[in-house]
Amino acid sequence: MIFQTKFHLIIMGREKVTRRRCNLSKNKNKNLIFIGDSMLAGLEVKDSEHYVSRLSKNCISDGLIINGGVRAHDTHMASANAVRILKEFNLDQLNSVVVYGLTSNDFYENDHKNAYYNLKAKFGSIFDQKNYKPKANLNYLRVKMFVGDNFYFTKKFIIQYMKLKDSLMLDRNKDENKTAFSISELSNLNEKFKSEKCRRAISILDSTFSSNSIESKVFLFLHPMFHSFEEFKVMENCLISTAKNYDQISILPINSFMDKNSVEFDNQDLIFKKDRHYSPKGHLFISKIILPKLESALFKNN
């Protein structure tokens, strides 16, 4: 399965390894392994425009900087990918840091093994540390992937509907008489739902690294949701609260920075309209958010 994960990464991701001499102090030679999904892979922009490349140019570290972003990677796959990279490059774990760019849809996909079924059927997948080998008629998959790629908004509508139905728990009823939930009760259920999703994401990271004896520090940040700043703030706070129980995992809080600096950009210019992936301006914005937070976290981790 390691071979399949590697193959998946090369085809659908961007394993970009950079090393540049910045003449930094010895305490800034950490290897940085970025993991995540297509928001991190950034396949629509040039290497030089990507936020990981911009961090490298800003001398965030003198060590190896690896962009391990892969399309359709949830927390299961991303954490497994980090383990693979650490071992494949034979990196010193205590001198390496994993930076996980979590995307909001990961919360949903972490509980749904068959999300992105076409890709997983073609390349294989990992879910709760169990390996699933590729299994599909490739010709049939090509047709399905063509439909998915060319009828994006139909697919997006279906996914968003499923998320909404899941988050609001529409299939549940208050009591045997099926009395409707009040607004406050729905709010409480929604908060409980989000809390469970945060615990699930953090626990996947923890269990994957623990079972593989990975000692590297993990810095996690939530990719900004420009369409919903309030939801972004709630989810980030949820992750911060959850991570307090895990010594190996820390959250890079970026919401306050966004509040102060988002006025510099037109949010619609930060993403591509078709798929909401970051545009070149979006990657520039993300690099400005992450740089001071990651620098501070790396300094404290030495």
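These numbers were taken from a predicted model, which means no experiment stands behind them.

*Asks:* Before we move on, can you summarise the overall build of the protein chain with the specific residues and values?
*Replies:* Helix and strand counts for the protein chain come out as 12 helices and 8 strands. Residues counted as buried form 49% of the 302 residues belonging to the protein chain. The long-range share in the protein chain, meaning contacts at least 24 apart out of those at least 6 apart in sequence, stands at 78%.

*Asks:* If you had to explain the nonpolar core to someone new, which residues and values would you point to?
*Replies:* Soluble globular proteins tend to bury their nonpolar side chains together. Ranked by internal contacts, the top residues of the largest apolar core, which has 60 residues, are Phe34 and Leu294. Sorting elements by how many residues they give to this core places helix α12 (residues 280-301) first, with 8 residues. Residues within four places of phenylalanine 34 in sequence aside, it is in contact with Leu40, Val52, Leu55, Ile65, Ile66, Asn67, Gly68, Gly69, Val99 and Leu294.

*Asks:* Tell me about the state of the cysteines, and name the residues and values.
*Replies:* Across all of its chains, the model carries 1 disulfide by this definition. In this model cysteine 198 forms its disulfide with cysteine 238; the gap between the sulfur atoms is 2.2 Å. Taken as a pair, cysteine 198 in helix α9 (residues 183-211) and cysteine 238 in helix α10 (residues 229-243) lie far apart in primary sequence, 40 residues in all. The exposure classification of cysteine 198 matches that of cysteine 238, with both residues buried.

*Asks:* So what's going on with the environment of asparagine 114? Which residues, and what values?
*Replies:* Take asparagine 114: it is sitting in the loop between α5 (104-109) and α6 (117-123). When the C-alpha positions of asparagine 114 and phenylalanine 127 are compared, they lie 9.6 Å apart, and in sequence the two are 13 residues distant.

*Asks:* Lay out the pairing of strand β4 (residues 96-102) in plain terms, naming residues and giving numbers.
*Replies:* Most of β4 is tucked away: 7 of the 7 residues are buried. Residues of β4 alternate between two faces, with Ser96, Val98, Tyr100 and Leu102 on one and Val97, Val99 and Gly101 on the opposite face, all of them buried. Both β4 and strand β7 (residues 217-222) contribute to a ladder of 6 bridges, which runs parallel. Of the residues in β7, the one forming a bridge with tyrosine 100 is leucine 220.

*Asks:* Can you explain the packing of aromatic side chains? Please cite residues and give values.
*Replies:* What the rule picks out here adds up to 4 aromatic pairs. Taking the centre distance of 6.3 Å and the plane angle of 75° together, the rings of tyrosine 51 and phenylalanine 221 count as edge-to-face. Remark: phenylalanine 221 occurs in strand β7 and tyrosine 51 occurs in helix α3 (residues 51-57); sequence separation between them is 170 residues. Accessibility expressed as a relative area gives 0% for tyrosine 51, which makes it buried.

*Asks:* Run through helix α4 (residues 75-88), naming residues and quoting values.
*Replies:* The terminal C-alpha atoms of α4 lie 20 Å apart, and with 14 residues this matches the ideal 20 Å at 1.5 Å per residue to within 8%. The element α4 is extensively covered by neighbouring structure, given that 12 of its 14 residues are classed as buried. Of all the residues in α4, the buried ones are Thr75, His76, Met77, Ala78, Ser79, Ala80, Asn81, Ala82, Val83, Arg84, Ile85 and Leu86. By the N-cap criterion, in which a side-chain oxygen at the helix start approaches the backbone nitrogen of a residue two or three places on, α4 is capped by aspartate 74, the distance to histidine 76 being 3.1 Å.

*Asks:* Please give an account of the confidence of the model for the protein chain that cites residues and values.
*Replies:* Summing up the model confidence of the protein chain, the mean pLDDT is 80 and the portion of residues at 70 or higher is 71%. Low confidence marks residues 169-179, where pLDDT is under 50. Its contacts with residues over four positions away, or in another chain, come to 11 contacts.

*Asks:* Kindly report on α12, identifying the contributing residues and their values.
*Replies:* Its 22 residues give α12 an end-to-end C-alpha distance of 30 Å, which sits within 8% of 32 Å, the value for a rise of 1.5 Å per residue. For α12, the principal kink sits at isoleucine 290 and spans about 30°; a proline, proline 292, occurs within the next four residues. Among all positions in α12, only Gly282, His283, Phe285, Ile286, Ser287, Ile289, Ile290, Leu291, Leu294, Ala297 and Leu298 are buried.

*Asks:* Now, about unusual backbone geometry: what can you tell me, with residues and values included?
*Replies:* Look at glutamine 129: it is not a glycine, yet its phi comes out positive at around 65°. Among the structural elements, glutamine 129 can be located in the loop between β5 (125-127) and β6 (130-132). The exposure class assigned to glutamine 129 is partly exposed, which follows from its relative accessible area of 39%. One non-glycine residue, arginine 276, lies in positive phi territory at about 65°.

*Asks:* Outline the pattern of salt bridges, supporting the account with residue identities and numerical values.
*Replies:* The final tally for this structure, using the stated rule, is 5 salt bridges. For the salt bridge of lysine 120 with aspartate 74, the shortest nitrogen-to-oxygen distance reads 3.6 Å. Taken together, the positions of lysine 120 in helix α6 and aspartate 74 in the loop between β3 (65-70) and α4 put the pair 46 residues apart, joining distant regions of the chain. Each member of the pair lysine 120 and aspartate 74 is classed as buried. Salt bridges here are not isolated pairs; linked through shared partners, they connect Asp111, Asp128, Lys197 and Arg200.

*Asks:* Mind laying out the side chain of serine 96, listing which residues take part and the relevant values?
*Replies:* Relative to the helices and strands, serine 96 resides in strand β4. In this structure serine 96 comes out as buried when scored by relative accessible area, which is 1%. In this structure the side chain of serine 96 is engaged in a polar contact, spanning 3.2 Å, whose partner is the side chain of asparagine 31. Apart from residues lying up to four places away in sequence, serine 96 is in contact with Lys30, Asn31, Leu86, Leu91, Ser216 and Lys217.

Conventions and cut-offs
- Residues numbered from 1 in each chain as written.
- Predicted model: local features only at pLDDT ≥ 70, side-chain atom pairs only at ≥ 80, totals over all residues.
- Heavy atoms only, no water.
- Helix = DSSP H or I, 4+ residues; strand = E, 2+ residues; numbered from the N terminus.
- Buried < 20%, exposed > 50% of the residue type's maximum accessible area, 1.4 Å probe, protein only.
- Contact = heavy atoms within 4.5 Å.
- Core = buried A, V, L, I, M, F, W, Y, C linked by side-chain atoms within 4.5 Å.
- Disulfide = S-S within 2.5 Å.
- Pairing = 2+ DSSP bridges.
- Phe/Tyr/Trp six-rings, centres within 6.5 Å; stacked < 30°, edge-to-face > 60°.
- Expected span 1.5 Å × (residues − 1).
- Polar contact = N/O pair within 3.5 Å; in protein donor to acceptor, adjacent residues only side chain to side chain.
- pLDDT = per-residue confidence, 0-100.
- Bend = angle between axes of the 7 residues up to and from the residue.
- Salt bridge = Lys/Arg side-chain N within 4 Å of Asp/Glu carboxyl O.

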